[in-house]
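Architecture at a glance
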Amino acid sequence: MKRPLRILHLEDDPKDAALVQSTLAAEGIVCAITCVENRDDFVAALERGGIGLILSDYTLPAFDGMSALKIAQVKWPAIPLIFVSGTLGEERAIESLKNGATDYVLKDRLARLVPAVRRAMQEVKERVGRQQAEEKRREYGAKIQVLSRRLVEAQETERRRLARELQDEIGQALTVAQM
C-alpha cells in the first residue's frame, strides 16, 4: 500500500479545505491533510516534520500565503508550496512564482490542482534523484583521488627502489673496476 502524501493546508475556510481534499481524493491522490489557519499552527506543523507538500490560501485574516512561503523557504526549502486561492490575480501569481512558489491554482479552477500536485511531487522526486546522483559523483570523485594518490605513491616508491638498485649496481661495477 502506498504511503499517503502528507499535506499541510493553510486555509481559513473549512468548506474550501473540504473541497480541496475531495478534489484530490477524486483524482486518486492518497493524502493526509493537516489544515491550519494561522502562523503558529503552520510553523508547529512544519516543525513536527513529515510534510511533503504545502497548499496555501494567498489571503488569510491574520496571516498570508507569501509570509508562509518565506517561512517555508527558510527552514524547509525542499517542500513545494502551491497557492490555492480565489484572490490571486495575475500579477500576484507571477510574483509568487518568482519568490519560489511551485505553482498556483484558482479556487474556481480546482481541476488544475491535481496536475499541479503531481508535477510538484515529480519535481521533488527528480530533485532528490539529482541530489543522490551528485552525492554518488562526489563519493566517486573522492575515491578516484584516493586511488590517484596511492598510484603516485606507488610510482614514487618504485622509482626510489629502482634508483637504489641502479646506484648499487653502478657502485659495485665501479668498485670492481677500481680493483
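In this report, the structure presented in the accompanying data block is examined.

1. A short note on the layout of surface pockets
Each pocket or cavity is described by its volume, and for the largest pocket that value is around 430 Å³. If you go around the largest pocket, you meet 14 residues; those closest to its centre are Lys2, Arg3, Pro4, Leu5 and Met121. For the lining of the largest pocket, the elements supplying multiple residues, two or more each, are strand 1 (5–10) and helix 5 (113–178). In terms of residues, the lining of the largest pocket owes the most to one element, helix 5, which gives 4 residues. In terms of residue class, the lining of the largest pocket is built from 6 nonpolar, 3 polar and 5 charged.

2. Let's talk about helix 2 (residues 39–48)
Turn by turn, an α-helix covers 3.6 residues, leaving residues three or four places apart pointing in a common direction. Listed as buried for helix 2 are Phe42, Val43, Ala45 and Leu46. Each buried residue of helix 2 lies within a common arc of 160 degrees when the element is viewed along its axis, so the set occupies one face. Opposite the packed face of helix 2, turned more than 90 degrees from it, sit the exposed residues Asp40 and Arg48. Here the buried face of helix 2 lies against strand 1, strand 2 (31–36), strand 3 (53–56) and helix 3 (65–75).

3. Concerning the packing of aromatic side chains
As enumerated under the stated definition, the model contains 2 aromatic pairs in all. Between Phe42 and Phe63, the aromatic rings sit 5.9 Å apart at their centres with planes inclined by 55 degrees, giving tilted as the arrangement. Of this pair, Phe42 sits in helix 2 while Phe63 is found in the loop between strand 3 and helix 3, placing the two residues 21 residues apart along the sequence. Each member of the pair Phe42 and Phe63 is classed as buried.

4. Here's the deal with the pairing of strand 5 (residues 103–106)
Note that strand 4 (residues 81–85) and strand 5 share 4 bridges and pair parallel. Its bridge partner being in strand 5, Ser85 is matched across the sheet by Leu106. Once you follow strand 4 into helix 4 (residues 90–98) and on to strand 5, the crossover reads as right-handed.

5. Brief notes about the pattern of salt bridges
By the definition in use, this model includes 11 salt bridges. A salt bridge links Lys107 to Asp16, with the nearest nitrogen and oxygen atoms 2.8 Å apart. Here the residue Lys107 occupies a position in the loop between strand 5 and helix 5, and Asp16 occupies one in helix 1 (residues 14–26), the gap between them amounting to 91 residues. Glu47 is paired through a salt bridge with Lys75; the nearest N and O atoms lie 2.9 Å apart. Of this pair, Glu47 sits in helix 2 while Lys75 is found in helix 3, placing the two residues 28 residues apart along the sequence. When salt bridges with common partners are traced through the structure, they connect Glu11, Asp16, Asp57 and Lys107 into a single cluster.

Reading the values: rules and limits
- Residues numbered from 1 in each chain as written.
- Predicted model: local features only at pLDDT ≥ 70, side-chain atom pairs only at ≥ 80, totals over all residues.
- Heavy atoms only, no water.
- 1 Å grid on protein atoms, 1.4 Å probe; cavity = no way out; pocket = protein on both sides within 12 Å on 5 of 7 lines; lining within 4 Å.
- Points joined across faces, edges and corners; volume = space filled by probe spheres on them.
- Helix = DSSP H or I, 4+ residues; strand = E, 2+ residues; numbered from the N terminus.
- Nonpolar A, V, L, I, M, F, W, Y, C, P; charged D, E, K, R; others polar.
- Buried < 20%, exposed > 50% of the residue type's maximum accessible area, 1.4 Å probe, protein only.
- Arc of directions from axis to C-beta.
- Contact = heavy atoms within 4.5 Å.
- Phe/Tyr/Trp six-rings, centres within 6.5 Å; stacked < 30°, edge-to-face > 60°.
- Pairing = 2+ DSSP bridges.
- Right-handed = clockwise from strand over helix to strand, strands pointing away.
- Salt bridge = Lys/Arg side-chain N within 4 Å of Asp/Glu carboxyl O.

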